[in-house]
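Below are the chains, spelled out letter by letter.
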Amino acid sequence: MKGQGSANGSDGSGGYDLVVVANRLPVDFSVDADGEVDWQRSPGGLVSALEPVMQENDGAWVGWSGAPDLAHEPFEADGMMLVPVTLSASEIRKYYEGFSNDTLWPLYHDVIAPPTYHRQWWEAYRRVNQRFADAAAAQAAHGGVVWVHDYQLQLVPKILRDLRPDLRIGFFDHIPFPPVELFQQLPWRRSILEGLLGADLVGFQRGGDASNFVRAVRRLTDHPTRGSVVSMDSDDGSPGRRVRAAAFPISIDTAKFDELARSPEVQARAKEVRADLGDPDVVMLGVDRLDYTKGIRHRIKAYGEILQDGRIEAANTTLVQVASPSRENVGAYQELREHVESLVGRLNGEFGEIGHSAIHYLHHSYPPEEMAALYLAADVMLVTSLRDGMNLVAKEYIAARSDLGGVLVLSEFTGAADELAPGPLLVNPHDIDGMKDIIVTAAHMDPKEKRRRMRRLRRKVMGDDVAKWSKSFLGVLTAMPTRDTHV
Ligand code: F6P
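Notes on the structure in this doc start here. (Residues numbered from 1 in each chain as written. Predicted model: local features only at pLDDT ≥ 70, side-chain atom pairs only at ≥ 80, totals over all residues. Heavy atoms only, no water.)

Focus: the nonpolar core
Okay, so step 1: Ranked by size, the top nonpolar core spans 103 residues in total, and within it Phe132, Phe213 and Met284 carry the most contacts.
Okay, so step 2: Of the residues forming this core, the biggest block, 10 residues, is contributed by helix H3 (residues 119-139).
Okay, so step 3: What Met284 contacts, discounting residues up to four positions off in sequence, is Tyr303, Ile312, Thr317, Thr318, Leu319, Val320, Val380, Leu382, Ile439 and Ala443.
Okay, so step 4: In this structure, Leu277, Met371, Tyr397 and Leu410 belong to the second largest nonpolar core, which totals 69 residues. (Core = buried A, V, L, I, M, F, W, Y, C linked by side-chain atoms within 4.5 Å. Buried < 20%, exposed > 50% of the residue type's maximum accessible area, 1.4 Å probe, protein only. Helix = DSSP H or I, 4+ residues; strand = E, 2+ residues; numbered from the N terminus. Contact = heavy atoms within 4.5 Å.)

Next up, the structure:
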């Protein structure tokens, strides 16, 4: 393999044809008692999408290990070179927990929680983005492709372009891009836009996110825009390069999930789960990171009122809520956990019986096999996000249901709703009464109608897998004119 993880010449001689830059590496590191570093693959959606293209293209992945102060040489894993970026404990606090997850995350999700604006966090964000860009510049081959991911790294495209004008640079935003009326709150809004405009192609989950971005560019910078294309001036006044914004809705490895859910082990486990729940008539399921954007409180409130109103019999119904731990050092997440857990306790106190809980609340992460079994065991899947870039849980549920059973209740405020309507039952999670009606409809839906809807959903989801997504993004990026070609 070219490069072998060593830094290149400043022109990229040697180096990798495709470099992915993401906040996290697709591995989990651990340090044993003797200080020896060990790592295990973490099977995220992004890595399954990118692994084949990385292997085909001589690829490297630049990212953070997830642990503080962990310096590690680049190493090879499954045909990819992994290049760790080191973050200090203070940088994790300011760049990751602070600016990424307590400033940008709430701002980009419709200010559901108030964003915090701290100048020190911004400085750390800039510094860390510079480090990621330096690492990518050192790994990319001359004329290579660099694909930068997500809101933690929005300054990387511009820094990288200044360092390495020979590269083709793509950026994909996995979360929503907010309307300019909200985005303009950000004191560093202009730098963020200029950062993103360092890319040739800026991808979003929905057409609406791409238009929000172009509107922000039009309103807050001097760069001319035409449709979804932004023109960048060159220093000498000659026509400069063009940046394109477009939607590339992400998906999952649908075939893999489908196959997993068909396996005899998973099917048996699904039956066992239902039996362990006491074989209720209706099993509802929520699966989320424990995040305030997911509408978990709204969902539990609606469910509790349905039980209270007696529209669904408490003794024959259960809600399984998987809430995987997330960003536990950020205040808004700590408050959410307390709130959700007190709601769960109250509801179980009121409607539970010996041997039956109204809600099974599970504050854990589970492997894909167990998730597939839960999806198969669930009559109704509740996805009630207040705002969500895409929501891959909805797609996993559909991919798991080759039996054409199960009903998907899906928030209008997810990217998935844009793609999947009219198959799911759509809800506005702020409208508790409306959501209650829809949940009751889902619980009582006749099997024929369920099959009709699930068939339609599967037709949509099974053909659009994540490999197609990455191919389509990279296809558009590599077909774009190079920097020196004036369009
Ligand atoms: O949805 C955005 C995202 O960054 C995902 O890519 C990731 O799976 C999730 O949030 C969790 O993020 P974190 O790295 O903060 O645990």
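Having seen it, we continue.
Description of the side chain of Thr317
Okay, so step 1: By the element assignment, Thr317 lies in strand S14 (residues 317-324).
Okay, so step 2: The class for Thr317 is buried, based on a relative accessible area of 2%.
Okay, so step 3: Aside from chain neighbours lying at most four places away, what touches Thr317 is Pro280, Val282, Met284, Tyr303, Ile312, His356 and Ser357.

A few points about the sheet that holds strand S5 (residues 75-77)
Okay, so step 1: Taken in spatial order, the 10 strands make up an open sheet running S5-S6-S4-S1-S7-S8-S9-S12-S11-S10, and their pairing is mixed. Unpaired on one side and paired on the other, S5 and strand S10 (225-226) mark the two borders of the sheet.
Okay, so step 2: Examined bridge by bridge, strand S7 (residues 140-149) and strand S8 (residues 168-172) share five bridges and lie parallel to one another. Residue pairing in the sheet places His149 in a bridge with Phe172 of S8.
Okay, so step 3: Packed on one face of the sheet, helix H17 (residues 466-479) meets strand S1 (16-24), S7, S8, strand S9 (201-204) and strand S12 (242-247) and runs near 140° to S8. (Pairing = 2+ DSSP bridges. Axes fitted to C-alpha atoms, helices over the stretch in contact; angles between N-to-C directions.)

Structural notes on the sheet that holds strand S15 (residues 359-362)
Okay, so step 1: Here six strands make up an open sheet; going across it, the order is S15-S14-S13-S16-S17-S18 and the pairing parallel. Every interior strand has two partners, whereas the edge strands, S15 and strand S18 (425-427), have only one. Neighbour-to-neighbour, the strand axes of this sheet turn through a mean angle of 20°, independent of strand direction.
Okay, so step 2: Summarising the sheet, strand S13 (residues 282-289) and strand S16 (residues 380-383) pair through two bridges and their orientation is parallel. The residue of S16 that forms the bridge with Leu285 is Met381.
Okay, so step 3: Across the face of the sheet, helix H10 (residues 296-309) comes into contact with S13, S14, S15 and S16 while running at roughly 165° to S13.

What to know about unusual backbone geometry
Okay, so step 1: Looking along the chain, the bond that leaves Ala421 and enters Pro422 is cis, with omega of 10°.
Okay, so step 2: Take Pro422: it is sitting in the loop between helix H14 (415-420) and S18.
Okay, so step 3: Even without being a glycine, Asp78 presents a positive backbone phi close to 50°.
Okay, so step 4: Positionally, Asp78 belongs in the loop between S5 and strand S6 (80-85).
Okay, so step 5: Classification of Asp78 by relative accessible area gives partly exposed; the value is 42%.
Okay, so step 6: Of note, the phi angle at Arg327 is positive, near 45°, even though the residue is not glycine.
Okay, so step 7: Inspection of the secondary structure assignment puts Arg327 in the loop between S14 and helix H11 (331-351).

A word on the site of the ligand
Okay, so step 1: The immediate surroundings of the ligand are formed by Arg24, Tyr96, Asn101, Trp105, Asp150, Tyr151, Gln152, Ile175, Arg289 and Arg327.
Okay, so step 2: Here an oxygen atom of the ligand and a side-chain polar atom of Arg24 are 2.6 Å apart.
Okay, so step 3: Arg327 is positioned such that a nitrogen or oxygen atom in its side chain is 2.9 Å from an oxygen atom of the ligand.
Okay, so step 4: About the coverage of the ligand: the protein hides 65% of its 390 Å² of free accessible area.
Okay, so step 5: Of the residues belonging to the shell around the ligand, the class tally is four nonpolar, two polar and four charged. (Near = heavy atom within 4 Å. Polar contact = N/O pair within 3.5 Å; in protein donor to acceptor, adjacent residues only side chain to side chain. Areas by Shrake-Rupley, 256 points an atom, 1.4 Å probe, with all protein chains shown as cover. Nonpolar A, V, L, I, M, F, W, Y, C, P; charged D, E, K, R; others polar.)

A word on helix H15 (residues 432-444)
Okay, so step 1: Between the first and last C-alpha of H15 there are 18 Å, a value that for 13 residues agrees with the 18 Å anticipated at 1.5 Å per step.
Okay, so step 2: Along H15, the residues classified as buried are Ile432, Met435, Lys436, Ile439, Val440, Ala442 and Ala443. The arc that holds every buried residue of H15, seen down its axis, measures 160°, which confines them to one face. Opposite the buried face of H15, by more than 90 degrees, sit the exposed residues Asp433 and His444.
Okay, so step 3: Looking at the packing, one finds that the buried side of H15 touches S13, H10, S16, strand S17 (407-411) and S18. (Expected span 1.5 Å × (residues − 1). Arc of directions from axis to C-beta.)

Things to note about H3
Okay, so step 1: With 21 residues, H3 ought to run about 30 Å at 1.5 Å a step, and its terminal C-alpha atoms sit 31 Å apart, in line with that.
Okay, so step 2: Turning to H3, its buried residues number three or more, namely Trp121, Trp122, Ala124, Tyr125, Val128, Asn129, Phe132, Ala133, Ala135, Ala136, Ala137 and Gln139.

Focus: a positive patch on the surface
Okay, so step 1: Residues Lys448, Arg451, Arg455, Arg456 and Arg459 make up a contiguous surface patch of positive charge.
Okay, so step 2: Within the secondary structure layout, Arg456 lies in helix H16 (residues 447-462). (Patch = residues over 30% accessible without salt bridge, like charges linked within 9 Å, V, L, I, M, F, W, Y side chains within 5 Å. Salt bridge = Lys/Arg side-chain N within 4 Å of Asp/Glu carboxyl O. Lys, Arg positive; Asp, Glu negative; His and termini not counted. Charge placed at Lys NZ, Arg CZ, Asp CG, Glu CD.)

Re the pattern of salt bridges
Okay, so step 1: For the structure shown, the criterion picks out 33 salt bridges.
Okay, so step 2: With a closest N to O distance of 3.7 Å, Glu328 and Arg337 form a salt bridge.
Okay, so step 3: For Glu328, a relative accessible area of 43% gives the class partly exposed.
Okay, so step 4: Given a relative accessible area of 31%, Arg337 falls into the partly exposed group.
Okay, so step 5: When the shortest N-O distance is used, the salt bridge between Asp433 and Lys436 registers 3.8 Å. Of the two residues, Asp433 and Lys436 both sit in helix H15, three residues apart, roughly one turn of that helix.
Okay, so step 6: Through salt bridges with shared partners, one network takes in Lys301, Glu305, Asp309, Asp433 and Lys436.

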